[in-house]
Protein chains: 2
Amino acid sequence: MEEVKVIELKESVFADNDAQADQVRDDLRQRGQFLLNVMSSPGSGKTTTLIALIKALKDQYRIGVMEADIDGAVDTQDVIAATGVKAIQLHTGGMCHLDAGMTRTGIDSLDAQGLDLVFLENVGNLVCPAEFDTGASKNAVILSVPEGDDKPLKYPLMFEKADVVILNKVDVLPYFDFDVDKFQTYLRRRNPGCDVIRISAKTGEGIDDLADWVRRAVDTWRG
Amino acid sequence: MEEVKVIELKESVFADNDAQADQVRDDLRQRGQFLLNVMSSPGSGKTTTLIALIKALKDQYRIGVMEADIDGAVDTQDVIAATGVKAIQLHTGGMCHLDAGMTRTGIDSLDAQGLDLVFLENVGNLVCPAEFDTGASKNAVILSVPEGDDKPLKYPLMFEKADVVILNKVDVLPYFDFDVDKFQTYLRRRNPGCDVIRISAKTGEGIDDLADWVRRAVDTWRG
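Rules used throughout
For every chain, the first residue of the written sequence is number 1, and numbering continues from 1 onward in sequence order. Here chains are named by letter from A upward and ligands by number from 1 upward, in the order in which they appear as written. A pLDDT threshold of at least 70 governs which residues receive local features in this predicted model, and a stricter bar of 80 or more applies before side-chain atom pairs are shown or counted, although totals over entire chains, interfaces and linings include all residues. Just so you know, side-chain values use all the structure's heavy atoms and leave hydrogens and water out. Starting at the N terminus, helices and strands are each numbered in turn, a helix being any DSSP run of H or I of at least four residues and a strand any DSSP run of E of at least two. Exposure categories follow from relative accessible area, calculated using a 1.4 Å probe and restricted to protein chains: below 20% of the type maximum is buried, above 50% is exposed, and the middle band is partly exposed. Each polar contact in these results corresponds to two N or O atoms within 3.5 Å; when the atoms are within protein, one needs to be able to donate a hydrogen and the other to accept it, and residues that are neighboring in sequence are counted only if both atoms are side-chain atoms. When checking whether two residues touch, look at their non-hydrogen atoms; a contact exists if any pair is within 4.5 Å. Here, strands pair whenever DSSP counts at least two bridges between them. Looking down the strands as they point away from you, a crossover is right-handed if its path from the first strand over the helix to the second goes clockwise. What counts as a salt bridge is simple: a side-chain nitrogen of Lys or Arg found within 4 Å of a carboxyl oxygen of Asp or Glu. We place the copies in one frame by least squares, fitting the C-alpha atoms of every residue whose pLDDT is at least 70 in both. For helices, the fitted axis covers only the stretch in contact; all axes are lines through C-alpha atoms, and the angles between them, taken along N-to-C directions, range from 0 to 180 degrees. We define buried area as the total accessible area lost by two parts upon association, computed with a 1.4 Å probe and summed across both. Here the nonpolar core consists of buried residues drawn from Ala, Val, Leu, Ile, Met, Phe, Trp, Tyr and Cys, with membership extended through side-chain atoms lying within 4.5 Å.

Caption draft 1: Examining the side chain of B:Gln33 more closely. Residues and elements named next belong to chain B. Tracing the backbone shows Gln33 in the loop between α1 (17–30) and β2 (34–40). Overall, the relative accessible area of 2% leaves Gln33 in the buried class. At 2.9 Å, the side chain of Gln33 and the side chain of Arg31 are in polar contact. If we skip the residues at most four places from it in the chain, Gln33 touches Leu28, Ala112, Gln113, Gly114, Leu115, Asp116, Ser137 and Trp221.

Caption draft 2: Structural context of the pairing of strand β4 (residues 86–91) of chain A. All names here are of chain A. The element β4 is extensively covered by neighbouring structure, given that five of its six residues are classed as buried. Here strand β1 (residues 6–8) runs beside β4; their pairing, made up of three bridges, is parallel. Residue pairing for β4: Val6 is matched across the bridge by Gln89. Alignment of strand β3 (residues 63–69) against β4, held across six bridges, turns out to be parallel. By the bridge assignment, Val65 is partnered in β4 with Ala87. After leaving β3, the chain enters helix α3 (residues 74–83) and then returns to the sheet as β4, a path that is right-handed.

Caption draft 3: Main features of the pattern of salt bridges. Under the definition given, this model contains 20 salt bridges over all chains. Each of A:Asp75, B:Asp150, B:Lys151 and B:Lys154 takes part in a single network of salt bridges with overlapping partners.

Caption draft 4: Summary view of the environment of B:Thr134. Residues and elements named next belong to chain B. Note that Thr134 resides in the loop between β5 (117–121) and β6 (138–144). Other than its neighbours up to four places away in sequence, Thr134 contacts Ala21, Val24, Asn37, Leu98, Asp99, Ala100, Thr103, Leu120 and Asn122. Engagement of the side chain of Thr134 in a polar contact is seen with the backbone nitrogen of Ala136, the distance being 3.2 Å.

Caption draft 5: Representation of unusual backbone geometry. Within the chain, A:Asp111 stands out as a residue other than glycine whose phi angle is a positive 55°. For A:Asp111, the position within the fold is in the loop between α4 (100–110) and β5 (117–121).

Caption draft 6: Representation of the relation of the copies chain B and chain A. With an RMSD of 0.0 Å, the operation that places chain B on chain A is a rotation of 180° combined with a shift of 0.0 Å along the axis. What the superposition gives is, in effect, a two-fold axis relating one chain to the other. The residues that chain B uses at the interface reappear at the interface of chain A in 100% of cases, marking a shared surface.

Caption draft 7: Molecular detail of the sheet that holds strand β6 (residues 138–144) of chain A. Residue and element names in this part refer to chain A. Spatial strand order, β1-β4-β3-β5-β2-β6-β7-β8: eight strands in an open sheet with parallel pairing. What marks the edges here is a single partner per strand, and that holds for β1 and β8 (195–198). Pairwise comparison of adjacent strand axes, ignoring direction, gives a mean angle of 20° for this sheet. Pairing of strand β2 (residues 34–40) with β5 involves five bridges; the strand directions are parallel. What sits directly across from Asn37, in β5, is Leu120. Along the sheet face, helix α2 (residues 46–57) touches β2, β3, β5, β6 and β7 (164–168) and points at about 170° away from the line of β5.

Caption draft 8: Quick peek at the interface of chain B and chain A. Taken together, the contact pairs 31 residues of chain B with 31 residues of chain A. Interface of chain B and chain A: buried area, both sides summed, is about 2,500 Å²; carbon and sulfur atoms make up 58% of it. Among the residues of chain B in contact with chain A, B:Pro42, B:Lys154 and B:Tyr175 are the three that bury the most area, contributing 23% of the side total. The tally of links from chain B across to chain A stands at four salt bridges. The salt bridge involving A:Asp71 is made with B:Arg190; its shortest N-O contact spans 3.7 Å.

Caption draft 9: Structural view of the nonpolar core. In this structure, A:Phe119 and B:Phe119 are the most contacted members of the largest nonpolar core, which totals 158 residues. Residues in contact with B:Phe119, not counting those within four places in the same chain, are B:Leu35, B:Leu36, B:Leu50, B:Leu53, B:Ile54, B:Leu57, B:Ile63, B:Gly64, B:Val65 and B:Met66.

Have a look at this one:
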């Protein structure tokens, strides 16, 4: 098994996370790097989605990945094995989210010089990561069909913070009571403007649309 | 739609949550009440499981339910409509977990006098609720098949704290790459002693086993 670089993170010493996040974002922009913060519940398919997305984009961009987890290095091993891109594991030491200081430590540890596109897979949690600006260029939120169509009502902040909401596991729609129209209605109450993309990371459905979204976002970011 | 009693919780003033939790537990025991703290990711089926379980137990016990959410009252409305038991909604004001002081406020607001059995549906989150002892008699953790068999590796504390792990949505096992043996192996690394019960809250499979588990736990609790 591939040796994985593991970074043990400590809680940030910066009192003003928002200011620190703006600084991270400014630095990214100056280097022409796009950082996508990917958030979701545990098990909604962040890693599988990233692997499919990286395969679609890696001939065009130099890509890096930061996998944040409380423990373990399973996702990083999977990403490296499946895509060959540069990937590191961030351990949060039990913490439920990443803040901007932790994200900066991750970027520095990834040695992100020369990368065009960095994916941050945040801790699996629909609550806390939404409260902390990581300094990412954009926020993606993944919701999977088995989690239910009511989640924008119950976890409002997470859906408010999303630039794009990715509805994953659409291949199992026939087996679950998930009403896509209801989901859209609930989502629009919280976030009228975000993009919504339906995918199945497992079958590959919708991955081209998601890759196009990333390309447009990178182009806009670089101006 | 049924009018729901909503309690807005504030962060607890008690410095020592563990001492406060022990006090909550002592009070419950003196009143002969059993409190089950139910934790899981968003969308793993806490409410549906509770509804099925309450239907199986409500002729035997006087039951109350506390539904903790960041926002909304959907679950409480569903529980009352489906079972008719006493249920209240706890709003955490954005907080990602319940502590013992918040749990006590909930129990007092539920007016739990005369109830035998109270279910606490914690905030949907596999991280933070595990860090705070609520004072419950026992902890149940629900994992649903679509979330994946690797979750005990990634969210170790949650699975360590479980007295019973409920594997839900087993009806969709054919449509997901969930290896039950792997899951058991990973779980046992974190928690060699907990009970494991497989259910489908949707089809009713395994609900009798879960109801039996609750009956035994209540009997043991009352001594």
